[in-house]
Every structure is written in C-alpha cells, then in structure tokens.
Amino acid sequence: MRTLVMKFGGTSVGSSTAIQQTASIIQKQKTIWSNLVVVVSAMSGITDKLIQSARYAANNNGPAANQIIEQIQQQHLEVINALISDPTQRLELLSVVQKRLDELSSYCQSIQVLGEATPRGMDVISSLGERINAQIVAAMLRSIRTPAQAVEASECIITDRTFQNAVPDMTLSREKIQSTLTPLFQHNLVPVVTGFMAATPEGVITTLGRGGSDYTAAILADCLDADEVWIWTDVDGVLSADPRVVPDARPIPEISFAEVGELAYFGAKVLHPKTIRPVVSRNMPLWVKNTFNPDFPGTRITQNPSRSRGDITAISMIKDLSILTVEGRGMLGVPGIAARTFGAVARTGASVLMISQSSSEQSICFTIPSIHNGEVLKSIESEMALELLRGDIDRVWARDQVVIVSIIGSGMRETPGVSARIFGALGKNLINVIAIAQGSSEYSISLVLDQDDAIRAVQAIHAEIAPQPNGGQNGL
Ligand code: ADP
Ligand code: ASP
Ligand code: MG
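These figures come from a predicted structure and were not determined experimentally.

Criteria and thresholds
- Residues numbered from 1 in each chain as written.
- Chains lettered and ligands numbered in written order.
- Predicted model: local features only at pLDDT ≥ 70, side-chain atom pairs only at ≥ 80, totals over all residues.
- Heavy atoms only, no water.
- Pairing = 2+ DSSP bridges.
- Helix = DSSP H or I, 4+ residues; strand = E, 2+ residues; numbered from the N terminus.
- Axes fitted to C-alpha atoms, helices over the stretch in contact; angles between N-to-C directions.
- Parallel < 35°, antiparallel > 145°, perpendicular 65-115°, else oblique.
- Contact = heavy atoms within 4.5 Å.
- Nonpolar A, V, L, I, M, F, W, Y, C, P; charged D, E, K, R; others polar.
- Near = heavy atom within 4 Å.
- Polar contact = N/O pair within 3.5 Å; in protein donor to acceptor, adjacent residues only side chain to side chain.
- Areas by Shrake-Rupley, 256 points an atom, 1.4 Å probe, with all protein chains shown as cover.
- Buried < 20%, exposed > 50% of the residue type's maximum accessible area, 1.4 Å probe, protein only.
- Core = buried A, V, L, I, M, F, W, Y, C linked by side-chain atoms within 4.5 Å.
- Salt bridge = Lys/Arg side-chain N within 4 Å of Asp/Glu carboxyl O.
- Expected span 1.5 Å × (residues − 1).
- Phe/Tyr/Trp six-rings, centres within 6.5 Å; stacked < 30°, edge-to-face > 60°.

Chemist: Can you explain the sheet that holds strand β9 (residues 286-290)? Please cite residues and give values.
Modeler: Spatially, eight strands are ordered β3-β4-β2-β1-β7-β9-β10-β8 in an open sheet, and the strand pairing comes out mixed. Strands with a single pairing partner mark the edges of an open sheet, and in this sheet they are β3 (148-151) and β8 (254-256). Strand-to-strand twist across the sheet, computed as the mean angle between neighbouring axes with direction ignored, equals 20°. Pairing of strand β1 (residues 3-8) with strand β7 (residues 228-233), which is carried by five bridges, proceeds in the parallel orientation. The residue bridging M6 from the neighbouring strand is W230, located in β7.

Chemist: Just give me the short version of the packing of helix α5 (residues 119-126) against helix α6 (residues 128-143), but keep the residues and values in it.
Modeler: Direction vectors running N to C along α5 and α6 enclose 20°, while the axes themselves pass 5 Å from each other. Taken together, the axes of α5 and α6 are roughly parallel relative to one another. On α6, the residues that touch V124, I125 and S126 of α5 are L128, G129 and E130. When the residues that make up the contact of α5 with α6 are grouped by side-chain class, the tally is three nonpolar, two polar and one charged.

Chemist: An account of the site of ligand 2 is needed here, citing residue identities and associated values.
Modeler: Around ligand 2, a shell composed of S41, T47, E130, F196, R210, G211, G212 and S213 is seen. T47 places a polar side-chain atom, nitrogen or oxygen, 2.8 Å from a nitrogen atom of ligand 2. Between ligand 2 and G212, the relevant distance is 3.4 Å, taken from an oxygen atom to a main-chain nitrogen or oxygen of the residue. Protein burial of ligand 2: of its 270 Å² of free accessible surface, 86% is covered by the chains. Of the residues that constitute the shell around ligand 2, the class distribution is one nonpolar, five polar and two charged.

Chemist: Explain the site of ligand 1 to me, and be specific about the residues and the numbers.
Modeler: In the neighbourhood of ligand 1, 17 residues make up the surrounding shell, with K7, G10, T233, D234 and L239 lying closest. Within the backbone of G10, one N or O atom sits 2.9 Å away from an oxygen atom of ligand 1. The side chain of R244 places a nitrogen or oxygen atom 3.3 Å from an oxygen atom of ligand 1. Surface burial for ligand 1 is 89%, taken as the share of its 580 Å² of free accessible area covered by protein chains.

Chemist: Give me the lowdown on the environment of T22, citing residues and values where you can.
Modeler: The residue T22 is located in helix α1 (residues 16-30) in this model. In this structure T22 comes out as buried when scored by relative accessible area, which is 0%. With sequence-adjacent residues up to four places away left out, T22 is seen in contact with F8, S12, V13 and T291. In this structure the side chain of T22 is engaged in a polar contact, spanning 2.6 Å, whose partner is the backbone oxygen of S12.

Chemist: Lay out the nonpolar core in plain terms, naming residues and giving numbers.
Modeler: General note: in soluble globular proteins, nonpolar side chains tend to be found buried as a group. The biggest cluster of nonpolar side chains holds 50 residues, and the ones touching the most others in it are M6, I26, I136 and V192. Considering every element that reaches this core, the biggest residue donor is α6, with nine residues. Residues contacting M6, with those up to four places away along its chain left out, are I25, I26, Q29, L36, V37, V38, V39, W230 and W232. Of all hydrophobic cores here, the second largest spans 45 residues; its members include V37, L189, L263 and A268.

Chemist: A description of the pattern of salt bridges should follow, citing residues and the corresponding values.
Modeler: In this structure the tally under the stated criterion is 19 salt bridges. A salt bridge links E327 to R395; the nearest nitrogen and oxygen atoms lie 3.0 Å apart. Placement of the pair is E327 in strand β11 (residues 314-327) and R395 in strand β14 (residues 395-408), with a sequence separation of 68 residues. E327 gets classed as partly exposed once you look at its relative accessible area, which sits at 23%. The salt bridge involving R347 is made with E383; its shortest N-O contact spans 2.8 Å. Placement of R347 in helix α11 (residues 337-348) and of E383 in helix α12 (residues 373-383) is noted, with a sequence separation of 36 residues between them.

Chemist: Can you break down helix α7 (residues 170-186) residue by residue, with the values?
Modeler: Here α7 contains 17 residues, and its C-alpha end-to-end distance of 23 Å stays within 8% of the 24 Å for a straight helix at 1.5 Å per residue. Structurally, α7 contributes buried residues whose contacts are with β2 (35-40), β3, β4 (190-194) and α8 (213-223). Looking at where α7 begins, the residue whose side-chain oxygen comes 3.0 Å from the main-chain nitrogen of T171 is D169. After α7 finishes, the residue N188 shows a positive phi value of roughly 65°.

Chemist: Can you lay out the packing of aromatic side chains for me, pointing to particular residues and giving the numbers?
Modeler: One pass over the full model with this rule turns up five aromatic pairs. Ring centres of F8 and W232 lie 5.9 Å apart, and the angle between their planes is 5°; on these two criteria the pair is classed as stacked. Within this pair, whereas F8 is found in strand β1, its partner W232 is found in strand β7, the two being separated by 224 residues in sequence. By relative accessible area, F8 is classed as buried at 0%. The buried category is assigned to W232, whose relative accessible area is 2%. Here the aromatic rings of W33 and W230 are separated by 6.0 Å at their centres, their planes lie at 90°, and the arrangement is edge-to-face. In this pair, W33 sits in the loop between α1 and β2 while W230 sits in strand β7, placing the two residues 197 residues apart along the sequence. The same class applies to W33 as to W230, namely buried.

As structure tokens, then:
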C-alpha cells in the first residue's frame, strides 16, 4: 500500500481554473497511488480577509466587516458556479458554504458586541477558508468521477491550546488520523483535508500558524506512515531566491532538510518552517512542485543531496526587523549578562532571530521583529536597571528598519572564500553590513543590513555567486 500526501496552496485552489488544474493533478495521481490524501489551503487572500473582518468587528466597524464578508461570499460563489454544473450538486454545495458564511457573520457580530477578538475566536474565524475550500475541492473531484470526501482536520489533528500557533500531539493525532482516514481509503475515497486547522482534545478549533497547511501535510504523512509528501504551489519548486526579489532565481533540483529549514526560518515563504519536522527523522521524500507546470519535477528535499560543486544553495531575507544593542564597558567579564538579557526578551514573547556578540564582550546585539521593539527595550531596561544606574551598561538601544539576509548552503562547509565573495559583492555595491552571524553548522551566514539596501544586496549576492550556465547542478 503506497501512500502519498499532496498539499495544494492558496493559488493552486484560488480560482476556478486553478481548482480544475488541481483536480486533474489529483485525478492522475489517484490512478498511481493506492492511498492518496489531499490537503487544501483557503483560496489565496481569503485568510487575510477573514482576519480583517474580525478586526473590523473588534473595532466596532460593522459595515466594513460586512463588506469583507460579502467579498468572501462573492469570491466563493463565482468559483462554485463556474465549477459545478450539476444543479443539485451545486445547490448542495452552495448551502454548505452559506452555512459557514452565516457563522462568520454571527461570530463577527459577537466580536463587535464584546469589543475584542480573542486568539481562540480568531482561530475559529481564520480556519473558515480551509473549511469552505475542502468542500469545494471535494465536490469538484466528485464531479469528474474521482470519489472524494471533505475532512475537517479538527477531527483528527490534536493540538495543545496555543491558539494561532498550536503544537500537535503526535501520539493522539496518529490514532485519530488513522481511524478517520483509513475507512475512507477502504472505500476508495480521496480525503480532502482542511490545511492549517486542528483542534484541542476537547474539540476547540486551533490553527498551526500562518502558512501552516504545509505543516498539516507533513503531520498527516508522518501519522499515516506515508511514502512521500508533495507540496504543490505556484513556482517551480524551492528557488535560489525569492522570485519577487530576484526575477532570474533558479529552481533548486535537490536541497537538504537542513538547508530548507534554514531557508524557511529566514523568511522564504515557500515552505512553513515546521514542515520538515515530522518528515526529517524518517527521511521521507518531500517535494515542492508547481501546480501550473506539473510536468516539471520541482525540488526534492532529502537528507543528503549530492553536491557536485558545493557552494551556496539559496538566499533569503526577512524584513521589518530591529537590531537591539546592549553595550557598556562594565559588561566585560561579568557572567550572566547575556542570560539576563535574553531572559528579559523571552518574557515579552518576542523571538530572537539572530544574535552576535563582540569578543571584547562590550556589546551584545540581536535582531527581533520590529513590532516587539518597545516592549523588549522596556523589559531589558527594567532587568538591567541597576547596571544602567551604575554605568556598567551605557545604553540599550534599537536600530529599526533593518533586514536579515541569509546565505544558505551546506556546500559552504569547510569551503574557504565564500564570505569573501559575499562581502566583495556587497562592497562593490557600497552596501554597509551592520552585523554578521554564522552558525557553527556552517549552513548559513546571516547579515543584518539596512532595509533600504536589502533588495540590492540580495540581487548583488545572487549575481556574484551564481555559477556559470554550465556550472554545477546545485550551486545557485
Ligand atoms: P502557497 O499558497 O502555495 O502555500 P506561498 O505564497 O505560501 O504559496 O509560497 C509560495 C511563494 O513563496 C512563491 O510564490 C514565491 O513568491 C515565494 N518565495 C519566497 N522565497 C522563495 C524561494 N526561495 N523559493 C520559492 N518560492 C519562494
Ligand atoms: N490559509 C492559511 C494562511 O493563509 C494557511 C496556508 O495557506 O497555509 O496562512
Ligand atoms: Mg504557503
């Protein structure tokens, strides 16, 4: 029994033509794999709109919330009318979808009365796009004689109560996933599972974090002991850089779990950073493929890709960051300053993306998302109040509008000269580097740069380290 889990992202299920294309991919794979599971995202843009409707309601702007709900309704109705020609099936589907939209309206009304949208409430609302779309894709498949059934992942993926970023309990989920999906396989049905959404053991809806449908696919694959996971998106696989920044970014034929993990962590939207967790230990092949170019093989993510001329694999960038510096001569040789600094950051819930400390120990600097700036500064200042008073710490300050550019590649390991080329490219373009960090794994070098220089920097590094057209397969 060979099992394949395929996930289709927002653009792959974002219009009637895209859904038709997705359905034909599913139909073809159904003839090849004995057990096929499909995971779907909401239509592109819908999750943002759902969240916006709740925000308007929380701000007591009922008309704006209703306007968005109408747009959501319109977008879905158009797709259903274009896809499902059988009147009975269409009416059935329309009534299921309308029920969800009515729920959305009443949630928004309650939020307006309460004056706030709680993280728990936001999960109920933001998962509605997946719940509607699973119904549409399943109906589409049935209409082309591929028996399918929509499945709400709240029935089978069990998480803790960290709303908006829930952590799955893999033992409970394994049991539930197998008991929910196995009967469907036995009836030759393709389960069309809602991405992104899950539930607590008590059945309260949770979500796995933005972009979390990739993670849903990996969780299902792990719990079903699947053979492969395919992530279908709107580009030819994992590319050497964000194609919106570097238009000639190239698809990477093969990339390691470790490299793609760094890439996702450092901002490449193509894969949710947690996706590799469930599959890496089993070395389960994970592919990223293009729904709109299905014959192109895409990117294979594996443990140890062969590197013919190993150097750099990809570049990524995270924007809207601040770099915070704690500095003072009195820090020299004093134990515990770093621990206390990061303890103070942790108490705010902000995550630190990169750290660097000068060897003279006179400053520690680290990078966080700018939205946490104010509270983090306050928290460190109160933790270090005594040191600031005594002058052991001169100041704690933030520089806003910075980015992290990460250069990733397992081939950089033990290869001298890579950083010289990176810094050479930046120097030639008169781009200043604010801070640098390299992990001891040598999979990535991260640079903090001014946001205004970011795009030029990524383009310059990409151009500099791209191999000649006849160069190695895995270099940029
Ligand atoms: P989906 O809705 O299919 O999950 P996403 O929008 O979440 O798609 O992710 C795919 C997008 O990620 C691509 O359209 C591309 O613009 C962007 N992207 C950023 N960096 C990369 C990269 N290194 N490789 C591929 N895509 C990238
Ligand atoms: N629809 C969700 C989001 O936009 C999940 C996903 O697309 O992966 O974040
Ligand atoms: Mg995505």
